[in-house]
Amino acid sequence: QVQLMESGGGLVQPGGSLRLSCAASGRFFKINDMAWYRQGPGKQRDMVASITIDGDTNYADSVKGRFTISRDNAKDTIYLQMNSLKPADTADYYCYSEVQLHAGVLQTNYWGQGTQVTVSS
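As the structure is a prediction and not an experimental result, all values here were calculated from the model.

Engineer: Just give me the short version of the pattern of salt bridges, but keep the residues and values in it.
Structural biologist: Within the structure shown, the criterion is met by three salt bridges. One salt bridge connects K64 with D61, and the closest N-O pair in it is separated by 3.1 Å. Between R66 and D89 there is a salt bridge, and its shortest N-O distance comes to 2.8 Å. Of this pair, R66 sits in the loop between β6 (57-59) and β7 (67-72) while D89 is found in the loop between β8 (77-82) and β9 (91-100), placing the two residues 23 residues apart along the sequence.

Engineer: Help me get a handle on the state of the cysteines, residues and values and all.
Structural biologist: Using the criterion set out here, one finds one disulfide in the structure. Sulfur-sulfur distance for the disulfide between C22 and C95 comes to 2.0 Å. Taking the sign of the S-S torsion, about -80 degrees here, the bridge from C22 to C95 comes out left-handed. Taken together, the residues span a long stretch of sequence, with C22 in strand β3 (residues 18-26) and C95 in strand β9 at a distance of 73 residues. Per residue, the accessibility class of C22 equals that of C95, and both read buried.

Engineer: Just give me the short version of the sheet that holds β8, but keep the residues and values in it.
Structural biologist: Strand order in this open sheet of four strands is β1-β3-β8-β7, and the pairing throughout is antiparallel. At either margin of the open sheet sits one strand with a lone partner, and together these are β1 (2-7) and β7. Looking at each pair of strands side by side, their axes are set apart by 15 degrees on average, direction ignored. With six bridges joining them, β7 and β8 adopt antiparallel strand pairing. Residue pairing in the sheet places R71 in a bridge with I78 of β8.

What counts, and at which threshold
- Residues numbered from 1 in each chain as written.
- Predicted model: local features only at pLDDT ≥ 70, side-chain atom pairs only at ≥ 80, totals over all residues.
- Heavy atoms only, no water.
- Salt bridge = Lys/Arg side-chain N within 4 Å of Asp/Glu carboxyl O.
- Helix = DSSP H or I, 4+ residues; strand = E, 2+ residues; numbered from the N terminus.
- Disulfide = S-S within 2.5 Å.
- Buried < 20%, exposed > 50% of the residue type's maximum accessible area, 1.4 Å probe, protein only.
- Pairing = 2+ DSSP bridges.
- Axes fitted to C-alpha atoms, helices over the stretch in contact; angles between N-to-C directions.

Everything listed is a geometric property; what it means functionally is a separate question.
What follows is the structure, given as structure tokens:
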């Protein structure tokens with residue numbers, strides 16, 4: 001099994017910054033794409049940013065220019081640097097990964113438990 005552990009959430013004032021981390025652990029062959037999703041109160045879960053194993057990134061329009069996703073393959077960890085935070089960024093943030101448990105088999109998708117980000121004065 002694979003576990004994803006997020007950290008770094010908290011309360012921050014508008015205009016502030018936070019850095020989220022997500023570390024994968026367990027037994028697996030390879031982690032392919034990883035991503036951050038978020039779910040605000042009463043809203044659906046939406047993709048915030050994604051990153052391939054090669055480092056190619058994709059961002060939701062609402063966070064472009066403010067958030068940066070990065071990845072350390074040696075540590076099986078991704079990060080989300082969030083700058084210029086707005087109250088609209090308030091949400092539970094979830095880590096997502098596509099994992100090949102063994103060579104030559106289809107990948108399995110995993111989710112973390114989530115970390116709360118609150119942007120408020």
